[in-house]
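A look at the structure
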Amino acid sequence: MIINPAEHDYRNIYKLMVGVIVPRPIAFVSTISREGIPNLAPFSFFTGISANPPVICFSPMIRGSDGGRKDTLRNIEAVKEFVVNVVSEEFAEKMNICSAEFPPEVDEFEASGLTPVPSDLVKPPRVKESHINMECRLIQLVDVSSKPLGGSIVLGEVLRFHIDDALVDNYKIDPDKLHPIGRLGGPTYTRTTDRFDMSRPQTGEIKPEEIKSGPKS
Ligand SMILES: Cc1cc2nc3c(=O)[nH]c(=O)nc-3n(C[C@H](O)[C@H](O)[C@H](O)COP(=O)(O)O)c2cc1C
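Residues numbered from 1 in each chain as written. Predicted model: local features only at pLDDT ≥ 70, side-chain atom pairs only at ≥ 80, totals over all residues.

Describing the overall build of the chain
When its secondary structure is counted, the chain shows six helices and 13 strands. Expressed along its principal axes, the backbone C-alpha trace of the chain runs to roughly 65 × 50 × 30 Å. Contacts spanning at least 24 positions in sequence make up 62% of the contacts within the chain whose residues lie at least 6 apart. (Helix = DSSP H or I, 4+ residues; strand = E, 2+ residues; numbered from the N terminus. Contact = placed C-beta atoms within 7 Å.)

Next comes the structure, spelled out in structure tokens:
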């Protein structure tokens with residue numbers, strides 16, 4: 001099947017993208033409004049960009065329902081700071097509550113029952129239930145499209161990592177203790193319990209004929 005996006009409804013292209021880009025990690029983002037109301041929302045258009053310095057990005061889209069900018073984006077524009085909290089399966093349902101379109105005056109910590117704890121370096125609080133929090137400062141905001149389901153890129157430098165001692169050893173995070181979840185299309189999520197390892201080859205180890213025909217088993 002060939003799909004030329006311009007010939008299709010953008011809502012179907014969105015459906016396609018969330019099935020194509022899988023599995024996606026989830027940035028559970030805490031922000032605070034200029035008036036001091038905390039906000040929480042999950043974003044799975046999320047990845048790391050740089051380790052030196054550590055920079056992550058995620059994408060709040062323009063709301064499909066009314067074409068408005070999401071509270072997370074407005075708060076980051078106003079305050080220039082946010083926290084990315086890693087989602088574990090134990091509080092996935094509470095994370096999901098925060099994906100409802102609450103009006104800006106609703107404190108989504110209260111709405112979800114999650115616990116705010118003060119951050120060290122930024123104004124938005126961290127999520128206590130999360131085993132890993134990244135305190136971030138906005139370094140760049142790129143509006144890619146202002147149409148419904150268009151998106152912006154929020155680039156943030158991680159100023160401080162908070163990591164539960166029980167799940168880190170020599171900078172290595174133990175997924176059996178973190179229980180991270182990923183998002184697939186629609187309402188479907190995945191665990192990371194079915195894993196396999198592959199060491200990266202050195203280029204000298206791969207023979208040219210294997211590059212053409214694939215490695216021999
Ligand atoms: C797991 C999950 C991932 C999501 N990922 C995104 C995303 O990458 N971009 C986006 O704009 N909305 C995403 N959403 C929807 C937002 O969380 C939702 O629009 C939320 O109401 C935004 O809240 P806010 O207005 O408080 O910022 C996601 C929802 C869920 C449940």
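There is more to say, and it comes next.
Topic: the site of the ligand
Around the ligand, 17 residues are found, and the nearest of them are A41, F45, M61, T72 and S99. Looking at the shell around the ligand element by element, the count peaks at four residues for strand β2 (residues 38-43). The class makeup of the residues in the shell around the ligand is seven nonpolar, six polar and four charged. (Near = placed C-beta within 6 Å. Nonpolar A, V, L, I, M, F, W, Y, C, P; charged D, E, K, R; others polar.)

Overview of helix α2 (residues 71-79)
Among all positions of α2, only D71, T72, L73, N75 and I76 are buried. Of the surrounding elements, those touching the buried residues of α2 are β1 (27-32), β2, β5 (81-86), β8 (132-143) and β9 (152-163). Of the residues trailing α2, K80 is marked for its positive phi of about 65°. (Buried ≥ 20, exposed ≤ 12 C-beta atoms within 10 Å, placed from the backbone.)

Description of the sheet that holds strand β3 (residues 46-51)
Pairing is antiparallel in the open sheet, where seven strands are placed in the order β2-β1-β5-β8-β9-β4-β3. Both edges of this open sheet fall to β2 and β3, since each of them pairs with a single strand only. Taken over all neighbouring pairs, the strand axes of this sheet differ in orientation by 30° on average, direction set aside. Taken together, the five bridges between β5 and β8 define a ladder with antiparallel strand orientation. Bridge assignment links V84 to a residue of β8, and that residue is M134. (Pairing = 2+ DSSP bridges. Axes fitted to C-alpha atoms, helices over the stretch in contact; angles between N-to-C directions.)

Focus: the pairing of β9
Pairing geometry for strand β4 (residues 54-58) and β9, over four bridges, is antiparallel. When the sheet's bridge partners are listed, I56 is paired in β9 with G156. Bridge count between β8 and β9: eleven bridges; the pairing is antiparallel. Looking at the pairing, D143 lines up with S152 of β9.

Observations regarding the nonpolar core
Of all hydrophobic cores here, the largest spans 28 residues; its most connected members are A27, F28, V29 and V84. Ignoring any residue separated from it by four or fewer positions in sequence, one finds V84 in contact with A27, V29, I56, M134 and C136. (Core = buried A, V, L, I, M, F, W, Y, C linked by C-beta atoms within 7 Å.)

As for the environment of V158
Note on placement: V158 falls in strand β9. For V158, a count of 19 C-beta atoms within 10 Å puts it in the partly exposed group. Put simply, V158 and M134 are 24 residues apart on the chain and 5.9 Å apart in space, counted from C-alpha to C-alpha. The residues contacting V158, other than those within four sequence positions of it, are P54, I56, M134, E135 and C136.

Some details on the environment of G150
Within the secondary structure, G150 sits in the loop between β8 and β9. Placed 130 residues apart in sequence, G150 and V20 show a C-alpha to C-alpha distance of 17 Å. In this structure G150 touches M61, I62, V144 and S145, once residues within four positions along its chain are discounted.

Overview of unusual backbone geometry
Of note, the bond from V22 into P23 is cis; its omega dihedral lies within 30 degrees of zero at -15°. Looking at the secondary structure, you find P23 in the loop between α1 (10-20) and β1. Not every positive phi belongs to a glycine, and N170 is a case in point at roughly 50°.

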